[in-house]
Amino acid sequence: MALGRIVDAEDTLYIGHSSIRDADGTMLVINWKLGAAKPFFNASPQDPHGLISKRTFEFDGHNVVDFEETVFAALARQIEALDAKADEPLQKGPDAALLRELNRKRSGEMREIVRTIQAAQYDLITAPMDQVLVIQGGPGTGKTAILMHRVSWLLFNNQSRLPAHEVLVVGPNTTFTRYIKGLLPSLGDHDVKHLSINRLAPAVPIGRTDTPEAARLKGEARLSKLLRIALATRINPPSSAMLTTVRGNNRQVRLDLEKVTEAFNSTLRQQGPYNVRRRSLRDRVKTLIQHADRRLTPSALGTAAADLTDRIWPRLAATDLVGELFAAPDRLKTPASEDFNAEELALLHRGSRKGPGDETWSEADLALLDEADALLNGTPQRYGLIVVDEAQDLSAMQLRSIARRSSSGAITLVGDIAQSTGAAARDNWSDVLAHLPRKHPHQVEDLKYGYRVPRQVYEFAAPLLATAAPGVAQPTVVRDAPADPGRHHVTPARRAAATVEIAQAHAGKGRFVGIVCAESCRQELEQALTEQEVAWMDADQGELGSSINVVSPRGAKGLEFDSVIVVEPAHIAREDPRGERLLYIALTRTTKFLDVVYADPNVPPLDLPNQAPVLEPAESAELPASTPVIRPRLARSGPSQADPLVEPIAQALAQEFQETVYCTVNEGIYMQVLKRVSELLSKETEETRDQRG
């Protein structure tokens, strides 16, 4: 299938997903990854790349339903006549085909978008492999699409030096990795390795929670020196006391201390991981024992060699090295401890070590375990190309994990500094580049245009950047939303129910829904979903369904939904030191609809309406209204005072009413309003009693 057609003075070429020939071998369609296809993506009125015209097809399934024809000479004359004065060349903006594609429905897994690649993106996709390339882009600038197409293009154009199994794609979490894993096969590329950053480490139980200070410290590069020196201190030079314990066949084996020391020193000078050198020492010790007592059986010989080796060069796993280091204050006081003050050493100390089967680890421990495993056993596998998504959050120790797996020094990273959160949050890319290989040049490129997040949504979220990320250039957003963001001011008692109703309204239209919920509201939301028997998926647990999904602000990073409901933005902003960045992330996860549900309007950059809370859900499928829906006055008939349900119902309604008043009126007149309401209700009660009398 062809994506489009280009015509120059000599030939007409059709561009497609892959090359197609007829029975005679004549090329009918050329692969978009070939150099001959470059003009299709880069031609513009200012520089047509030798083309006379370019045609872009629009498909519905396998049928061409429309096309766009660009005749470059004619278009250039029109532009000159109009005296168009754009800040950027025309080819740097998205074309009409891209916008049409972006306005179509998305599923949970990204659809292939080869036919919508922009010229600006194409330059990054086809940039030389041998560099450390950072692509900085705000939400909706197409970072992930560029990254995956770059992998596909590099595989196609470097087939002799880069097989697919030597490419590693690293994502921030398992959910994100699953989200993008289907894109490369859709481009014809298989066998590429996809891993979340935590999956680089040895598999261990996760269950420990670090303080923010401890997590930040464990991510710093100086921990690598601490581990290296801690490992060195586990090695013990041979002594006479050690040799007296060497036994075989129930008798002592007399060894020459000088010869054992010589074997030890020779091993110490040897290059390589700890356990490789340990095996070398064991072989040397085994030879010495065999020469000292040739009557030993093979079993006794092996046992004696292993026992002495363990005393000199202990058997260690990564969990042993890190766990025992953090469990014992005296082990932390190594020569490297001069790099840490007393408070920092206290943060690293985790108390007595449990048994191996009962030990749990924190996420910040994982990069340390990977470092320890590399010191002990060497790097398990290296890759010719590594690409990393959401790289702005990686700690120095995580970056070291990535760097040691690169065999060529070719690494491409994408991310957004404005979305940098967590223990390793940063304000520029220099800290990231400092921990990556320097075999090749380092380059940072910016994406100017945002075309996935709608303009109205971005304009709503962008004021957060003034304080959250003042140094980051904002993208130019070029696509409109189907509706303005919905702002729904509710009482705390109505918050979860209102969220569920809005989510069901969107899901009922076949939309892919993401509820990004503040941690403080998560339990009540899950309870409401369960009580309403609404099917939903927990994206924080690696689940991602095609309908309603619930995710934390941090877990939402990198994901996109048709409709996003952000629950309690003020709480999100307060629950984390980088809360405004997390809120910015949450608000910009949508490609179409955004709704904000809140009881607390106190997020100054967003200027949320502080009017009477919504008492009933809006009826509109888009739910754009931010004005309250007032419950109609009902007849005052109902259960008698003797009904046992009256008291709990009355209590719940009274509490809801009190919360409504509290959220609506100024604190200075709060008591006066309650008093006046009480008077009005008393008057209405008297009137009702008179009517009945």
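Cut-off values and rules
- Residues numbered from 1 in each chain as written.
- Predicted model: local features only at pLDDT ≥ 70, side-chain atom pairs only at ≥ 80, totals over all residues.
- Heavy atoms only, no water.
- Helix = DSSP H or I, 4+ residues; strand = E, 2+ residues; numbered from the N terminus.
- Buried < 20%, exposed > 50% of the residue type's maximum accessible area, 1.4 Å probe, protein only.
- Areas by Shrake-Rupley, 256 points an atom, 1.4 Å probe, with all protein chains shown as cover.
- pLDDT = per-residue confidence, 0-100.
- Contact = heavy atoms within 4.5 Å.
- Pairing = 2+ DSSP bridges.
- UniProt positions renumbered as here; feature names shortened; annotations may be inferred.
- Axes fitted to C-alpha atoms, helices over the stretch in contact; angles between N-to-C directions.
- Phe/Tyr/Trp six-rings, centres within 6.5 Å; stacked < 30°, edge-to-face > 60°.
- Lys NZ or Arg CZ within 6 Å of the ring centre and 35° of its normal.
- Lys, Arg positive; Asp, Glu negative; His and termini not counted.
- Salt bridge = Lys/Arg side-chain N within 4 Å of Asp/Glu carboxyl O.
- Core = buried A, V, L, I, M, F, W, Y, C linked by side-chain atoms within 4.5 Å.
- Patch = residues over 30% accessible without salt bridge, like charges linked within 9 Å, V, L, I, M, F, W, Y side chains within 5 Å.
- Charge placed at Lys NZ, Arg CZ, Asp CG, Glu CD.

What to know about the overall build of the protein
In terms of helices and strands, the protein carries 27 helices and 22 strands. Across the 693 residues that make up the protein, the buried fraction comes to 50%. Only carbon and sulfur atoms are counted for the fraction: they give 50% of the accessible area of the protein, which is about 32600 Å².

Looking at the environment of Glu10
The topology assignment puts Glu10 in the loop between β1 (2–8) and β2 (12–16). For the pair Glu10 and Leu51, spaced 41 residues apart in the sequence, the C-alpha separation amounts to 9.7 Å.

Brief notes about the confidence of the model for the protein
Interpreting fine coordinate detail is not advised for predicted regions of low pLDDT. Averaged over all residues, the pLDDT of the protein is 84; the fraction at 70 or higher stands at 82%. For the stretch residues 105–117, pLDDT sits under 50, and the model shows 49 contacts to residues farther than four places along the chain or on other chains. Low pLDDT (under 50) marks residues 615–645, which in the prediction has 47 contacts with non-local residues, meaning those over four places away or in another chain.

A closer look at the pairing of strand β20 (residues 548–551)
Residues Ile548 and Val550 point to one face of β20 and Asn549 and Val551 to the other, with burial holding for every one of them. Two elements, strand β19 (residues 537–538) and β20, share two bridges in a ladder whose sense is parallel. Across the sheet, the residue bridging to Asp538 is Val550, located in β20.

Considerations on the UniProt feature "binding site: ATP" (unreviewed entry) in the protein
Per the UniProt record, the feature "binding site: ATP" (unreviewed entry) sits at Gly137, Gly138, Pro139, Gly140, Thr141, Gly142, Lys143 and Thr144. The topology assignment puts Pro139 in the loop between β7 (132–136) and α5 (143–157). With a relative accessible area of 3%, Pro139 lands in the buried category. Those residues in contact with Pro139 that sit more than four places away from it in its chain are Asp416, Gln419, Val453, Tyr458, Tyr584, Thr588 and Arg589. Along the chain, Thr144 turns up in helix α5. Overall, Thr144 belongs to the buried group, its relative accessible area being 13%.

What about the sheet that holds strand β8 (residues 167–171)?
Strand order across the open sheet formed by six strands is β9-β8-β12-β13-β7-β14, with parallel pairing between neighbours. Either end of the sheet is taken by a strand with one partner, and the two such strands are β9 (193–196) and β14 (442–446). Shown here is a sheet whose adjacent strand axes are inclined to one another by a mean of 15°, direction ignored. Summarising the sheet, β7 and strand β13 (residues 411–415) pair through five bridges and their orientation is parallel. Of the residues in β13, the one forming a bridge with Ile135 is Val414.

Re the packing of aromatic side chains
Scanning the model with the defined rule gives eight aromatic pairs in all. A ring pair is formed by Phe512 and Phe561, whose centres lie 4.8 Å apart and whose planes are at 45°; its orientation type is tilted. Within this pair, whereas Phe512 is found in the loop between α22 (492–507) and β18 (513–517), its partner Phe561 is found in strand β21 (residues 561–567), the two being separated by 49 residues in sequence. Here a set of aromatic residues connected by ring pairs shows up, and it is made of Trp32, Phe40, Phe41 and Tyr122. One Lys or Arg, Arg511, reaches over the ring of Phe593 and ends 3.9 Å from the middle of that ring.

Quick word on the sheet that holds β18
Ordered by their spatial adjacency, six strands build an open sheet running β17-β22-β21-β18-β20-β19, and the pairing between neighbours is parallel. The sheet terminates laterally at β17 (486–489) and β19, the two strands that pair on one side only. Two elements, β18 and β21, share five bridges in a ladder whose sense is parallel. The partner of Ile515 across the bridge, within β21, is Ile565.

Comments concerning the side chain of Arg150
Mapped onto the elements of the fold, Arg150 is located in helix α5. Buried charge without a salt bridge: Arg150, with Asp130 as the nearest opposite-charge side chain at an N-O distance of 8.2 Å. In this structure Arg150 touches Leu124, Ile125, Thr126, Ala127, Pro128, Met129, Gln131, Leu133 and Thr412, once residues within four positions along its chain are discounted.

What to know about the nonpolar core
Residues Leu413, Leu436, Ile515 and Leu587 are the most contacted members of the largest nonpolar core, which totals 118 residues. Per element, the largest residue contribution to this core is seven residues, and it comes from α5. In contact with Leu587, not counting residues within four places along its chain, are Val457, Phe460, Ala461, Leu464, Val566, Leu594, Val596 and Leu606. One finds Ile289, Leu321, Leu368 and Leu376 within the second-largest nonpolar core, a separate group that totals 46 residues.

Examining a positive patch on the surface
Side chains of Arg178, Lys181, Lys193 and Arg199 sit close together on the surface and give a patch of like positive charge. Summarising the element assignment, Lys193 is placed in strand β9.

Some points on unusual backbone geometry
Phi is positive for Glu533, which is not a glycine, with a value near 55°. When you line up the elements, Glu533 lands in the loop between α23 (522–531) and β19. For Glu533, a relative accessible area of 74% corresponds to the exposed category. Here Asp607, not a glycine, exhibits a phi torsion of approximately 50°, which is positive. Following the sequence through the fold, Asp607 ends up in the loop between β22 (590–598) and α26 (646–664).

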